[in-house]
Amino acid sequence: MLSKISESLTSLSGAERKVAECALAEPKWFVHAAVAEIAEKAAVSQPTVIRFCRSLGYKGLPEFKLALSANIGQEGMPFVHEELNSDDDMGDVTEKVLGNTAAAILGARRFLNQTDFENAIAMLAHARRIEFYGVGNSGIVAQDAQHKFFRFGISTVAYADPHIQLMAASVLTEQDVLVVVSNSGSSIEVLDAVSIAKENGAAIIAVTRADSALAHLADCVLNVASQENSERYSPMVSRLLQLVVIDILAIGLALRLGETASLNLQKGKRSIYGKRIEHDDEFPGN
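This text gives an overview of the structure that appears in the document.

**Here's the deal with the packing of aromatic side chains**
Thought 1: Tallying each qualifying case throughout the model produces six aromatic pairs.
Thought 2: Consider the rings of Phe30 and Phe64, whose centres lie 5.6 Å apart with planes at 75°: the pair is edge-to-face. One end of the pair, Phe30, is in helix H3 (residues 27–32); the other, Phe64, is in helix H6 (residues 61–69), with 34 residues separating them in the sequence. Here Phe30 and Phe64 have matching classes, each one buried.
Thought 3: Ring plane angle 55° and centroid distance 6.1 Å describe the contact between Tyr133 and Tyr159, whose orientation is recorded as tilted. Here Tyr133 is found in strand E1 (residues 129–133), whereas its partner Tyr159 is found in strand E2 (residues 155–159), with 26 residues between them in sequence.
Thought 4: Look at Tyr159 and you get partly exposed, because its relative accessible area is 22%.
Thought 5: Through a chain of ring-to-ring contacts, three or more aromatic side chains come together here, namely Phe30, Phe52, Tyr58 and Phe64.

Here is the structure:
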């Protein structure tokens, strides 16, 4: 069902697409919401909600809700679509995982706010040093972020060990920015490190759920919410959403830095490809 909605996005009108994204982002809420609530949340008229349902081949909102409800498990969606079962072959698994991932990324547009990104990039552009913290899967995302940002000529580091995070946070200053990546936003160790960094005056950017404890500590929150059941499965879709947010930040910062970022990126490429060319000159047979 979510795959069907996702695939229909390109054929929908702009207003109907907002309703589709609302259904993709919060399907369980959508099933129980009144038409007026859906219209308000999607910032469209009530007739638009009905037109959206009819565009997907349903007579109206009640029939659409029944179809959507049939595809949502009692415990919410795990990291893949609820339709997955033990009888699926790899073709089914591939199609459903891709569909659920696409739906989550498209639905994220409703949660990610342009102003929040602009504020985050302004903080990063003026930072003396940027540190990235994350634990587990989020630690991998933090390392990916450091790999992207250091090439702009900015002092960066990524820490995935909670003990090192605590020690590193203790020496941050008001000139530094701490970017914290967390799916739950409730890890005690991460929260302790953020509290220490905040006491030292460092700016905090959180890539997490807007209603989490981490979000309440942060100066800027980039809301990443998915329908995964992380108690049963290792988060997958949320990790991809985190990576997308990091990519947006990296590109936004590069544009903000302009020529400075371009020159540093060129230096990095020359350091690799320049040596390769010299090596080939020495051994022309290669």
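We are not done yet, so read on.
**Some points on the sheet that holds strand E5 (residues 220–223)**
Thought 1: Strand order across the open sheet formed by five strands is E2-E1-E3-E4-E5, with parallel pairing between neighbours. Where the open sheet ends on each side, the last strands, each with one partner, are E2 and E5. Across the sheet, the axes of successive neighbouring strands diverge by a mean angle of 15°, strand direction being ignored.
Thought 2: In the sheet, E1 pairs with strand E3 (residues 176–181) via five bridges, with the strands oriented parallel. Following the sheet pairing, Phe132 is matched in E3 by Val179.
Thought 3: Taken strand by strand, helix H8 (residues 114–125) contacts E1, E3, strand E4 (203–208) and E5, and its axis lies near 130° from that of E5.

**Considering the nonpolar core**
Thought 1: Of all hydrophobic cores here, the largest spans 32 residues; its most connected members are Leu124, Phe149, Leu222 and Leu249.
Thought 2: For this core, the secondary structure elements donating two or more residues are H8, E1, helix H9 (137–149), E3, E4, E5 and helix H13 (237–257).
Thought 3: Setting aside residues no more than four positions away along its own chain, Leu124 makes contact with Ile130, Phe149, Ile154, Val177, Val179, Ile205, Leu249 and Leu253.
Thought 4: With 27 residues, the next largest nonpolar core counts Ile5, Val31, Cys53 and Leu56 among its residues.

**Examining a negative patch on the surface**
Thought 1: Taken together, Glu7, Asp89, Asp92 and Glu95 make up a surface patch of like negative charges.
Thought 2: On the secondary structure map, Asp92 appears in helix H7 (residues 90–107).

**Structural notes on H8**
Thought 1: Here H8 contains 12 residues, and its C-alpha end-to-end distance of 16 Å stays within 8% of the 16 Å for a straight helix at 1.5 Å per residue.
Thought 2: Of the residues making up H8, those classed as buried are Phe117, Ala120, Ile121 and Leu124. Viewed along the axis of H8, the buried residues span an arc of 100°, placing them on a single side of the element.
Thought 3: Considering only its buried residues, H8 is in contact with E1, H9, E3, E4, E5 and H13.
Thought 4: Sitting at the head of H8, Asn113 places a side-chain oxygen 2.8 Å from the backbone nitrogen of Thr115.

What counts as what
- Residues numbered from 1 in each chain as written.
- Predicted model: local features only at pLDDT ≥ 70, side-chain atom pairs only at ≥ 80, totals over all residues.
- Heavy atoms only, no water.
- Phe/Tyr/Trp six-rings, centres within 6.5 Å; stacked < 30°, edge-to-face > 60°.
- Helix = DSSP H or I, 4+ residues; strand = E, 2+ residues; numbered from the N terminus.
- Buried < 20%, exposed > 50% of the residue type's maximum accessible area, 1.4 Å probe, protein only.
- Pairing = 2+ DSSP bridges.
- Axes fitted to C-alpha atoms, helices over the stretch in contact; angles between N-to-C directions.
- Contact = heavy atoms within 4.5 Å.
- Core = buried A, V, L, I, M, F, W, Y, C linked by side-chain atoms within 4.5 Å.
- Patch = residues over 30% accessible without salt bridge, like charges linked within 9 Å, V, L, I, M, F, W, Y side chains within 5 Å.
- Areas by Shrake-Rupley, 256 points an atom, 1.4 Å probe, with all protein chains shown as cover.
- Salt bridge = Lys/Arg side-chain N within 4 Å of Asp/Glu carboxyl O.
- Lys, Arg positive; Asp, Glu negative; His and termini not counted.
- Charge placed at Lys NZ, Arg CZ, Asp CG, Glu CD.
- Expected span 1.5 Å × (residues − 1).
- Arc of directions from axis to C-beta.
- Polar contact = N/O pair within 3.5 Å; in protein donor to acceptor, adjacent residues only side chain to side chain.

By themselves these figures say nothing about function.
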